[in-house]
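# Tertiary structure, described
Residue strings, one per chain:
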Amino acid sequence: MTINDIFWRTKVAAWVHDPAEKALVLLRDPAGHEGGTVARLKEQLFPAGLPTEVQKFIEKADHWAAAADRPQFPREKDGGRFQPWAQVRFAETPELVHPLSGERITIKQGFTDLDPAHLKAVSADHFESLIVKPNGDIDWRATALAFWRFGPERPARDLNLLWYLLPADTRVPDHTIWAHLDLTSALAGAFAADPSLTPALLAMSFGPVQDFIAQARSTSDLWAGSHLLSRLAWEGMRVICEEVGPDSILFPQLRGVPLVDFWLQQEMGLPEELFKKLEWRKRGTDANPLFAAALPNRFLAVVPASQVRELAETVKEQVRAWVQDEARAAVEELLRAGNIPHQEDLPCFTQAKRQLKDFPEVYWAAVPWSLVKEQDRAVPDTTELAAAMAPFFPEEDNEKPGFLGSNTWQVLSGNIDLDGVSFYCPNPGVLYPALYDLLDRVAAATKSVRPFSQISERGYRCSLCGEREWLTTERKQLDLPPGKRDDTLWAKIAKKKPSWAREGEHLCGLCAMKRLWPSRFVEVVRRAVDIGDVRRYVVSTHTMALATSLGQWLDDPTSLPPWLSAQLQGYQEQAALPRSLAAQLRDADEDANLLCRRLPILLDTLREAAKDEGDYEQIREVEQKIKEEVFGHRPEAYYGLIMMDGDKMGAWLSGSEEKFRLSFGETWHSQVKAKAFELARDNEALRQYLTTSRSPSPARHMAISGALNGFSLELARHVIEDLYRGKLLYSGGDDVLAMVSVDDLLPTMLLLRLVYSGIFPGGDDDTDAWREVLGQQKKRLDIGRGHVRHRKRLYRMMGKDATASTGAVIAHHTAPLAMVLRTLRQTEKRAKNEGGRDAFSVTLLKRSGSAVELTCPWFVNKEMESLTASPMGLLIRLRNAFAGPGLSRRAAYLIQDWAAQLPGEKAMTDPEQHESMLATSLAYQFRRQSKGEAAQMNNARLGKELARLARTSQGRTGRDNPAAFMTDFLAVAEFLAREGRLGSKEEQGGSR
Ligand SMILES: [Zn+2]
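Please read these numbers as outputs of a predicted model, since none were measured by experiment.

Cut-off values and rules
Residues numbered from 1 in each chain as written. Predicted model: local features only at pLDDT ≥ 70, side-chain atom pairs only at ≥ 80, totals over all residues. Heavy atoms only, no water. Pairing = 2+ DSSP bridges. Helix = DSSP H or I, 4+ residues; strand = E, 2+ residues; numbered from the N terminus. Axes fitted to C-alpha atoms, helices over the stretch in contact; angles between N-to-C directions. Contact = heavy atoms within 4.5 Å. Buried < 20%, exposed > 50% of the residue type's maximum accessible area, 1.4 Å probe, protein only. Donors = N, O, S within 2.8 Å, 3.2 Å for Na, K, Ca; no water. Tetrahedral: all angles 85-135°; square planar, octahedral: opposite > 155°, others 65-115°. Phe/Tyr/Trp six-rings, centres within 6.5 Å; stacked < 30°, edge-to-face > 60°. Lys NZ or Arg CZ within 6 Å of the ring centre and 35° of its normal. Expected span 1.5 Å × (residues − 1). Bend = angle between axes of the 7 residues up to and from the residue. Salt bridge = Lys/Arg side-chain N within 4 Å of Asp/Glu carboxyl O.

### Structural notes on the sheet that holds strand β12 (residues 726-732)
Across the sheet, 6 strands lie side by side as β12-β13-β11-β17-β18-β19; this open sheet has mixed pairing. In this open sheet, the two edge strands, each paired with only one partner strand, are β12 and β19 (851-857). The sheet shows a mean angle of 10° between the axes of neighbouring strands, taken without regard to direction. Along the sheet, helix α28 (residues 745-757) makes contact with β11 (638-646), β13 (735-741), β17 (804-812) and β18 (839-845), crossing β11 at roughly 15°.

In structure tokens, the structure reads:
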């Protein structure tokens with residue numbers, strides 16, 4: 001048996017040490033949870049029994065994993081049995097506790113109708129079907145990977161929602177059996193592969209991120225930048241996955257990421273039929289999820305300590321080698337496109353090689369578990385760990401640093417004595433929080449020393465980044481000023497392949513690689529699925545602007561004027577559409593496909609090629625004709641960009657702030673919790689234990705990465721692309737970057753915020769809120785208690801205490817993208833800073849050059865208010881009112897003029913009196929500008945609500961007086977209500 005074989009055998013054995021259905025059969029099955037499934041699988045996998053050494057690794061890993069995730073639990077002195085009061089019959093009283101918020105969900109009818117024997121059969125069949133035996137012999141690595149990837153996929157219909165969230169321990173149901181199996185497998189692997197049986201935590205990150213993404217001329221560049229970074233990050237993580245398995249990566253969660261599935265199927269030898277139902281295998285369009293950029297630029301892994309340096313160095317080499325290959329391939333394609341014979345000594349090859357030599361920047365830090373010394377039947381020795389931590393913590397009078405000085409550790413390392421009950425003696429697994437904290441600080445210190453390499457570049461620079469030389473076939477051309485470059489590589493490309501370079505554009509190696517990525521990645525996808533005649537992934541702001549008008553046209557299509565059909569047929573490329581629009585197109589005729597897929601390309605191409613006023617005049621004529629003959633109104637020209645970011649992610653991961661932590665007692669099953677608190681009345685040590693905060697455990701990290709995985713892979717995309725007309729550009733971890741049509745902008749922002757936490761103020765059964773505020777005909781998702789149910793799966797989200805801030809920019813499709821992106825970042829920062837987090841901010845960039853900025857908290861009182869009454873609810877209702885026939889948009893202008901003359905709040909001594917003055921005046925203005933009695937009453941009420949919000953949100957709007965905030969609020973609502981945006985409405989005049 002080779003070492004490698006032992007390693008993967010150990011991991012497979014770790015995966016079957018506990019049956020997945022443990023929670024459901026515990027206490028109901030006479031064979032015990034280790035009979036049944038486990039016995040049957042072990043028989044299949046290890047007919048001669050588990051090798052002793054493997055058995056040893058797994059026991060140790062199981063103990064560490066259990067200790068790290070549920071440090072202590074009462075058990076009888078000297079006996080193995082738990083106290084009767086500490087036992088839970090999960091099938092009768094199934095309860096899950098949200099690991100981040102403590103919210104509880106119970107499954108009312110229980111699972112007693114599921115027969116344990118049936119369950120075990122289903123589970124054993126499921127895992128048996130995942131054993132990979134290509135030639136009759138077990139492929140240990142492929143089997144471990146198949147268990148990891150498909151074990152959590154529901155094996156039977158009657159286990160629908162629960163399977164994925166089955167708890168590891170019914171008494172502490174705050175983490176899943178899958179998290180426990182992942183961690184046990186990761187630790188067991190590290191024990192098996194390390195001579196001194198020592199795991200280490202490894203953190204790696206890649207950069208630069210912001211600059212690389214922001215250097216974009218078009219949204220296709222923007223997408224390419226994000227997607228390339230995500231692809232690069234995967235290239236690094238792939239090394240870890242191949243060497244020690246994807247379960248070793250605690251953050252991000254890789255299960256279900258399409259790129260990872262692609263690798264499992266194409267390179268790891270997992271049987272093809274396992275993947276056949278997955279969307280990336282089925283969707284033969286540019287809406288294929290492989291096009292989604294879904295991985296953050298960093299990861300955290302458990303690896304064998306002795307291999308840390310080698311693994312980190314391999315990651316770095318692998319990522320850079322991948323970049324070199326990709327850049328070289330891009331240069332070759334450019335030469336082909338320019339019809340230039342390939343010659344090895346062309347300067348462009350050496351340029352690209354030199355420019356990308358140190359790309360990306362790679363940082364890593366590691367902390368070995370050997371800093372903690374395991375001791376037989378005693379608390380581990382932490383002397384070395386304390387010494388390693390000391391330099392990173394401000395000196396506090398003789399206190400031990402960080403976790404070691406915390407109340408939590410005092411309690412865990414002390415002895416809790418309860419009549420006849422003892423607690424586990426902590427093992428090194430319990431010290432995970434201290435190791436993570438140290439790692440976090442070491443990593444931050446590494447990053448502050450930025451590697452800097454001098455590059456000598458000459459002549460004019462790349463048109464996109466302005467940093468590096470542009471690629472050339474003759475070095476002396478580099479000195480040519482912009483007007484004189486008629487015979488360059490780029491001049492040729494611009495003529496033959498305008499989508500790769502606009503006239504005059506000259507790009508460096510890195511920017512060229514980015515520019516070609518939308519074409520090159522399409523070919524990668526083609527290896528997985530037939531995507532027909534898609535040649536390049538084209539996302540454009542113009543498509544997004546037109547999406548509103550195209551969607552309306554599709555509801556009631558007319559035949560296209562022949563001149564337009566003829567023009568559209570002249571274009572090969574297709575615009576990548578929002579998935580909802582693409583779905584509408586599926587049953588539509590050729591005209592519809594032509595219009596939706598090609599019109600954005602036609603108009604963009606005309607604009608890109610335009611040189612003088614005559615050309616622009618011609619574009620205006622085309623647009624005018626389209627308005628008259630196709631849409632009946634001027635096509636929408638604005639689009640929205642959204643940037644959402646989870647608040648305080650670092651603090652969530654490190655649990656550095658008390659409010660982000662739960663006490664031990666709060667994570668217990670209610671039944672056990674109630675009894676424990678009863679006993680604690682007479683036992684101070686137990687009481688202290690129950691109320692002490694838990695520190696971050698591996699399962700907590702997995703819960704966070706799992707929540708973010710579900711959010712970024714499935715739910716954010718579903719919201720943006722299926723429920724609204726939008727296109728996801730990037731979604732990795734807690735970050736989302738998306739383009740949305742203006743009429744869907746506000747509800748998209750709001751629903752993303754709700755889904756992120758799994759909250760729905762007022763309850764998700766509020767059909768009025770779904771219709772009026774979220775613009776959906778009916779309830780589309782089950783949202784609440786930190787969870788979201790979607791397509792037969794229950795997703796655990798970040799929970800009610802986690803918040804996110806969102807910035808959005810509304811811009812004209814011709815506005816320079818670099819400027820729009822800059823504004824977007826500032827807007828997102830404004831939501832965090834001026835809005836005090838858990839807020840949104842909108843910047844409206846009008847074509848005239850003027851801008852409106854609105855900043856507002858997401859909720860004034862999350863627990864009390866309904867979604868309809870929330871600030872965003874009010875903004876959307878106001879917009880709806882302006883768009884409808886009952887309220888003149890003139891009201892917005894009149895109120896703005898009037899508000900400008902108001903004294904600031906400082907002039908008023910009493911804010912409530914000020915509010916009442918504002919409310920009366922707003923109600924009056926709204927009533928006067930309304931038609932019909934019902935509208936008058938309704939709109940007067942909107943006025944009062946706005947006045948109240950102006951007072952209650954004070955201090956979180958970036959405005960020093962309520963009137964200025966109201967003006968921003970009305971300006972945004974009014975702009976989004978303009979003609980053509982929300983269905984039809986006669987032009988009312990009054991627009992400025
Ligand atoms: Zn460049």
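### Quick look at the pairing of strand β6 (residues 298-304)
Within β6, 6 of the 7 residues are buried, which leaves it mostly tucked inside the rest of the structure. Where strand β4 (residues 199-207) meets β6, 7 bridges bridge the pair, whose relative direction is antiparallel. In the sheet register, Met204 faces β6, and the bridge partner there is Phe299. Pairing analysis gives 2 bridges linking strand β5 (residues 249-251) to β6, with the strands arranged antiparallel. Counterpart to Phe251 in the pairing with β6 is Leu300.

### Thoughts on the coordination of the zinc ion
Surrounding the zinc ion are the protein donor atoms Cys462 (SG), Cys465 (SG), Cys508 (SG) and Cys511 (SG), at 2.3 Å. Between the 4 donor atoms coordinating the zinc ion, the angles at the centre fall across 102 to 115°, so the site counts as tetrahedral. On the basis of relative accessible area, Cys511 is assigned to the buried category, the value being 2%.

### Looking at the pairing of strand β15 (residues 787-790)
Relative to β15, strand β14 (residues 782-784) is paired through 3 bridges, and the arrangement is antiparallel. Considered in β15, the bridge of Asp782 is made with Arg789. Turn length for the β14-β15 hairpin, with the two strands adjacent in sequence and antiparallel, is 2 residues, and the turn residue Arg785 shows positive phi of about 50°. Sheet topology note: the β15/strand β16 (residues 793-796) ladder contains 4 bridges and is antiparallel. In the strand pairing of β16, His787 is matched with Arg796. Linking two consecutive strands that pair antiparallel, namely β15 and β16, is a turn of 2 residues; a positive phi of about 45° is found at Arg791 within it.

### Here we look at the sheet that holds β5
Reading across the sheet, the 4 strands line up as β5-β6-β4-β7 and stay open at both edges, with antiparallel pairing between neighbours. The open sheet has two edge strands with one neighbour each: β5 and β7 (361-368). Neighbouring strand axes in the sheet, compared pairwise and without regard to direction, differ in orientation by 25° on average. The strands touched by helix α7 (residues 177-193) within the sheet are β4, β5 and β6, with β6 carrying the most contacts at an inclination of about 50°.

### Overview of the packing of aromatic side chains
Aromatic ring pairs are reported here in terms of the distance separating the ring centres and the angle at which the planes meet. This model, assessed by the stated rule, comprises 31 aromatic pairs. Their ring planes at 55° and their centres at 6.3 Å tell us that Trp223 and Phe291 sit as a pair that is tilted. Taken together, the positions of Trp223 in helix α9 (residues 219-244) and Phe291 in the loop between α11 (279-282) and β6 put the pair 68 residues apart, joining distant regions of the chain. There is no split in this pair, since Trp223 and Phe291 are both buried. Ring centres of Phe840 and Trp858 lie 4.9 Å apart, and the angle between their planes is 50°; on these two criteria the pair is classed as tilted. Of this pair, Phe840 sits in strand β18 while Trp858 is found in the loop between β19 and α31 (871-883), placing the two residues 18 residues apart along the sequence. Considered together, Phe840 and Trp858 belong to a single accessibility category, that of buried residues. One aromatic cluster is present, formed by Trp223, Phe291, Trp322, Trp517, Phe521 and Tyr537 through successive ring pairs. In this structure, Arg281 packs its charged tip against the face of Trp280, placed 5.9 Å from the ring centre.

### Side note on helix α19 (residues 541-555)
Look at α19: 22 Å from first C-alpha to last across 15 residues, which is about the 21 Å you get at 1.5 Å a residue. A bend of about 45° at Ala547 is the largest found in α19. Counting buried positions over the 15 residues of α19 gives 13, a clear majority of the element.

### Looking at the pattern of salt bridges
All chains considered together, the criterion is met by 69 salt bridges. A salt bridge links Asp487 to Lys492; its shortest N-O distance comes to 3.8 Å. Note on Asp487: relative accessible area 49%, which makes it partly exposed. Measuring nitrogen to oxygen at the nearest pair gives 3.9 Å for the salt bridge that ties Lys611 to Glu503. Here Lys611 is found in the loop between α22 (590-609) and α23 (613-631), whereas its partner Glu503 is found in the loop between α17 (489-496) and α18 (509-526), with 108 residues between them in sequence. On the accessibility criterion, Lys611 (63% relative accessible area) is exposed. Residues joined by salt bridges that share partners form a network here, namely Glu279, Arg283, Arg579, Arg717, Glu721, Asp722, Lys727 and Arg791.

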